[in-house]
Amino acid sequence: MANIQQVAKQAGVSVATVSRVLNGQSTVTAKTRIKVEDAIKKLNYEPSLLGRNLRNSESRILLILIPKIANPFYLDIINGIETAALSQNYNILLCETDSNPERENIYFDLVRKKMADGIISMDPAVNIDTLTELAERHAIIQCSEYSEDSGIPYVTIDNEEAAYRAVKHLIKIGHENIALINTDEKYLYARQRKAGYRKALEEHNIPVNEDHIYYTQQLGFEYGQHAMKKILGSKNRPTAVFAVSDLLAIGALKEINSHGLSVPNDIAVVGFDKIDFSNMTNPTLTTIAQPMHRMGTIAAEMLIDKIKGADIESIILDHELVIRESTSG
């Protein structure tokens, strides 16, 4: 494989001149540029992107922080990020944090050491103090999950309003005894979605029964099953359930089916996120749709603009209530 010295010799110019042509500098005459480009083509020379990026103090790599790669919620967002990144000649690196501070620091160091140009954080358990400190010198965007007081720009939806619409739908079709399957309230989205649940009940003068609010440690399918088992065994069993994620709701559906009960005739169920699996359940799941691909695209565009030095404003996207068989059988 040809090197830059051979290109310079073939074109009859210095290595520095070849470098200036490769970097698109305007100090080279058109005649000299053509000679260098002809030599590159003839020798089939491929410049080192790593070397060029180091000279330009950039890596062209964006880090995507997610807690679990296996969670299907992130797939469309990641696809959106990748589409936007590739269109502007950036590559992405998926970083599974497992909500582990030591793993987070490994990824943060990649940015500190200029081995990555910026971060899109989707981890609700990220160390926000460290992230905020890092954002003082480096480009960072929060996507879906965010901290209100960090000052770091974010793209998300209105979680409280979305949960309010979901529970209001259940009330509209005749339910008053509605359970909530929530996650740990250390996460902002969990607090916001619970607030939307409470708002819908209170607006319709339905007392909030704290015994019918169930908390899970994680968003996994099996956690939804476990919570639903408790709900089915409770006194004054609820006639409807709102779960703060589709994975929890799908777990709840399975548990209801295993008890020989019918959805929605015995218990109606609403989820949140509109992951692909939500349309494959029996019955299909009523859910809140987040514009995940668009969210990812916008997050990447925001990050690249921030890398270029632009001032970035946070963005709240629209959501949609998708009514399916689990509430309208």
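Keep in mind that this is a model prediction, so the values were computed, not measured.

**Describing the overall build of the chain**
And then number 1: Along its length, the chain carries 13 helices and twelve strands.
And then number 2: Its C-alpha atoms put the chain at 90 × 35 × 30 Å along the principal axes.
And then number 3: Within the chain, contacts between residues separated by at least 24 positions form 69% of all contacts whose residues are at least 6 apart in sequence.
And then number 4: Of the roughly 16,300 Å² of accessible surface on the chain, a fraction of 47% belongs to carbon and sulfur atoms.
And then number 5: Averaged over its 35 positive side-chain charges, the chain has a centre that lies 9 Å from the centre of its 42 negative ones.

**Things to note about the sheet that holds strand E9 (residues 268-270)**
And then number 1: Read from one edge of the open sheet, four strands run E7-E6-E8-E9, paired in parallel fashion. Taken across any chain shown, the strands that pair with only one partner, and hence form the sheet edges, are strand E7 (213-216) and E9. Strand-to-strand twist in this sheet, taken as the mean axis angle between neighbours without regard to direction, amounts to 20°.
And then number 2: When strand E8 (residues 240-243) meets E9, the two strands line up parallel, connected through three bridges. When the sheet's bridge partners are listed, Phe242 is paired in E9 with Val270.
And then number 3: Strands in contact with helix H8 (residues 159-172) are strand E6 (178-183), E8 and E9; relative to E8, the strand with the most contacts, it is inclined by about 170°.

**A few points about the pairing of E8**
And then number 1: Along E8, one buried face is formed by Ala240 and Phe242 and the opposite face, lined by Val241 and Ala243, is buried too.
And then number 2: Inspection of the sheet shows E6 paired to E8 by four bridges, in the parallel sense. Within E8, the position partnered with Ile181 by the bridge is Ala243.

**Quick word on the layout of surface pockets**
And then number 1: Its volume calculated, the largest pocket comes out at about 600 Å³.
And then number 2: What lines the largest pocket is a set of 32 residues, and nearest its centre among them are Pro67, Lys68, Asn71, Gln218 and Leu219.
And then number 3: Secondary structure elements with two or more residues in the lining of the largest pocket: helix H5 (73-87), helix H9 (188-203), helix H10 (221-232) and helix H11 (246-258).
And then number 4: Ranked by residue count, the leading element in the lining of the largest pocket is H10, at three residues.
And then number 5: Here the lining of the largest pocket is built from residues that sort into 13 nonpolar, nine polar and ten charged.
And then number 6: A domain-level breakdown of the lining of the largest pocket finds at least three residues from each of domain 2 (59-157 + 292-318) and domain 3 (159-290 + 322-327).

**A closer look at the domain arrangement of the chain**
And then number 1: Partitioning the chain into structural domains gives domain 1 (4-47), domain 2 (59-157 + 292-318) and domain 3 (159-290 + 322-327).
And then number 2: With 13 residues of domain 2 in contact, the opposing surface of domain 3 contributes 14 residues.
And then number 3: Regarding the contact of domain 2 and domain 3, the summed buried area is about 1,200 Å², with carbon and sulfur atoms giving 60% of it.
And then number 4: Interface area lost by domain 2 to domain 3 is led by Pro72, Ile157 and Met292, which between them contribute 41%.

**As for H11**
And then number 1: The terminal C-alpha atoms of H11 lie 18 Å apart, and with 13 residues this matches the ideal 18 Å at 1.5 Å per residue to within 8%.
And then number 2: Most of H11 sits inside the fold, with ten of its 13 residues counted as buried.
And then number 3: Where H11 is concerned, the buried positions are Asp246, Leu247, Leu248, Ala249, Ile250, Gly251, Ala252, Leu253, Glu255 and Ile256.
And then number 4: Residues of H11 that are buried sit in contact with E6, E7, H10, E8, E9 and strand E10 (287-289).

**Observations regarding the packing of helix H2 (residues 15-22) against helix H3 (residues 30-43)**
And then number 1: Running from amino to carboxyl end, H2 crosses H3 at an angle of 90°, the nearest separation of the two axes being 10 Å. Taken together, the axes of H2 and H3 lie roughly perpendicular to each other. When H2 is examined against H3, the residues Thr17, Val18, Val21 and Leu22 are found in contact with a partner set consisting of Thr32, Arg33, Val36, Glu37 and Ile40.

**Let's talk about the pairing of strand E5 (residues 154-157)**
And then number 1: In E5, alternate side chains face the same way, and those of Tyr154 and Thr156 on one face and Val155 and Ile157 on the other are all buried.
And then number 2: As paired strands, E5 and strand E11 (residues 315-317) are joined by three bridges and run parallel to one another. Paired with Thr156 across the two strands is Ile316, which belongs to E11.

Definitions and limits used
Numbers given to residues run from 1 along each chain, matching the order in which its sequence is written. Since the coordinates come from a predicted model, pLDDT governs what is reported: local features require at least 70, and pairs of side-chain atoms require 80 or more to be given and counted, while whole-chain, interface and lining totals use all residues. Hydrogens are left out, water is left out, and the side-chain values use all remaining heavy atoms of the structure. Each helix is a run of DSSP H or I of at least 4 residues and each strand a run of E of at least 2, with the numbering of both proceeding from the N terminus. Contact definition: two residues touch when any of their heavy atoms are within 4.5 Å. Calculation of accessible area relied on Shrake-Rupley with a 1.4 Å probe; when residues are assessed, cover is drawn exclusively from the protein chains displayed. The charge count treats Lys and Arg as positive and Asp and Glu as negative. His and the chain ends do not count. A charge is said to be at NZ when it belongs to Lys, at CZ for Arg, at CG for Asp and at CD for Glu. DSSP bridges decide pairing: two strands pair if at least two such bridges lie between them. Only the stretch in contact is used when fitting a helix axis, every axis being a line fitted to C-alpha atoms; angles between N-to-C directions are given from 0 to 180 degrees. Remark: exposure states derive from per-residue accessible area (1.4 Å probe, protein chains only) relative to the maximum for the residue type, with buried under 20%, exposed over 50%, and partly exposed in between. Residues are said to line a cavity or pocket when one of their atoms sits within 4 Å of a point; the points come from a 1 Å grid over protein atoms alone, cavities being sets where a 1.4 Å probe fits but cannot get out and pockets being open sets with protein on both sides within 12 Å along at least five of seven lines. Grid points are joined across faces, edges and corners, and a volume is the space filled by probe spheres set on the points. Three categories are distinguished: nonpolar for Ala, Val, Leu, Ile, Met, Phe, Trp, Tyr, Cys and Pro, charged for Asp, Glu, Lys and Arg, and polar for the others, with Gly belonging to the last. Domain start and stop positions are those given by an automatic or database domain assignment. As used here, buried area is the combined drop in accessible area, with a 1.4 Å probe, of two parts when they are placed together. Helix span, expected: 1.5 Å multiplied by one less than the number of residues in the helix. Angles are sorted into four bins: roughly parallel if under 35 degrees, roughly antiparallel if over 145, roughly perpendicular if 65 to 115, and oblique for all others.

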